[in-house]
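# Results of the structural survey
If you want the building blocks of each chain, they are given just below.
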Amino acid sequence: MTPSLLLIGAQKAGTSAVFDMLSRHPQVIRPRVKEIMFFNRDEEYEKGLRHYLTKFPARPLRGGPAITFEASVGYLYHDGTPRRIKAMLPGVRLAAILREPVSRAYSAWNMFRQFRDHRLYADLYDPRPFEQAIMEEIDGHPVHRAHRYLDRGHYAPQLRRYFDVFGREGLQLFSYGQLQEDPRSVVDAILRTVDLDAAPLGDKVFKVRKNKRPYVSTLSPALEDRLRAHCASWQGELEDLLGHGFPLERAG
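Calculation rules
- Residues numbered from 1 in each chain as written.
- Predicted model: local features only at pLDDT ≥ 70, side-chain atom pairs only at ≥ 80, totals over all residues.
- Heavy atoms only, no water.
- Pairing = 2+ DSSP bridges.
- Helix = DSSP H or I, 4+ residues; strand = E, 2+ residues; numbered from the N terminus.
- Contact = heavy atoms within 4.5 Å.
- Axes fitted to C-alpha atoms, helices over the stretch in contact; angles between N-to-C directions.
- Salt bridge = Lys/Arg side-chain N within 4 Å of Asp/Glu carboxyl O.
- Buried < 20%, exposed > 50% of the residue type's maximum accessible area, 1.4 Å probe, protein only.

### Overview of the sheet that holds strand β4 (residues 93-98)
Pairing between the strands of a sheet comes from backbone hydrogen bonds, and it takes one of two forms, parallel or antiparallel. A sheet is described by the order of its strands in space; here 5 strands give the open sequence β2-β3-β1-β4-β5, paired in parallel fashion. The open sheet has two edge strands with one neighbour each: β2 (28-29) and β5 (171-175). Bridge analysis of β2 against strand β3 (residues 67-71) gives 2 bridges, and the strand direction is parallel. Counted as the bridge partner of isoleucine 29 is threonine 68 from β3. With respect to the sheet, helix α1 (residues 15-23) is in contact with β1 (5-7), β2, β3 and β4, its orientation differing from that of β3 by roughly 165 degrees.

So, in structure tokens, the structure goes:
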């Protein structure tokens, strides 16, 4: 099967939960791995479309029409991903969930902080306290791409790359706050783009919460205020790009 839908991010904004909700639809068949990360990794992309499609299930012989999809949060942030997707999947539907930049950054740091003994991601472990990590990023120190915690929340440049390739109508956008408050509306809107609806999904599906991690420390109010001031102009850039208000709630 060729994917009809890509969830492209943002990281730590509820993408895993939406992936799980969509996967429970009777006409949606999940890939073998949620985060295939094909289009944002050079070594994977160079293997070509045939290799990419091996990550997806065979088309079912019975049961009526069905779709497959994937969710790779690195797709939103990677510079070259939009053109790569367009070249291989010109008709694919795209969706992204955006989260307020500071809470997103803190949640991402908390995840990488807990990777020391992870069987897959130990190389991405970040031993630094949050304030050190974020100040080094702001001050321009060289940091691993995965540890650019604030920059991943600067959404306007990332979205502009997609709009340039797919047009504004080619990418559905939702806020993390919207997902928290009304997950059914988010899932239903995404399903409609692939000619499905959320009717077969029971209420329990929309209580899914994935990748919830305990925080190893608390974010100080003083640092939080400082970082929000640093990111303050990004909201205006986002709304100028979209041409309308798009509040990024500080949910969760």
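Having seen the structure, we can now continue with the description.
### Observations regarding the pattern of salt bridges
Taken as a whole and judged by the stated rule, the model has 12 salt bridges. Residue aspartate 79 is joined to arginine 145 by a salt bridge in which the shortest nitrogen-to-oxygen separation is 3.9 Å. Placement of aspartate 79 in the loop between α4 (74-77) and α5 (81-88) and of arginine 145 in the loop between α7 (130-138) and α8 (155-166) is noted, with a sequence separation of 66 residues between them. Assessed through its relative accessible area of 51%, aspartate 79 is described here as exposed. Here arginine 145 falls in the partly exposed class, since its relative accessible area comes to 30%. A salt bridge links aspartate 79 to arginine 161; the nearest nitrogen and oxygen atoms lie 3.6 Å apart. You can see aspartate 79 sitting in the loop between α4 and α5 and its partner arginine 161 sitting in helix α8, a full 82 residues away along the chain. According to the relative accessible area criterion, arginine 161 is partly exposed, its value standing at 23%. One salt-bridge network, held together by shared partners, links Asp79, Arg145 and Arg161.

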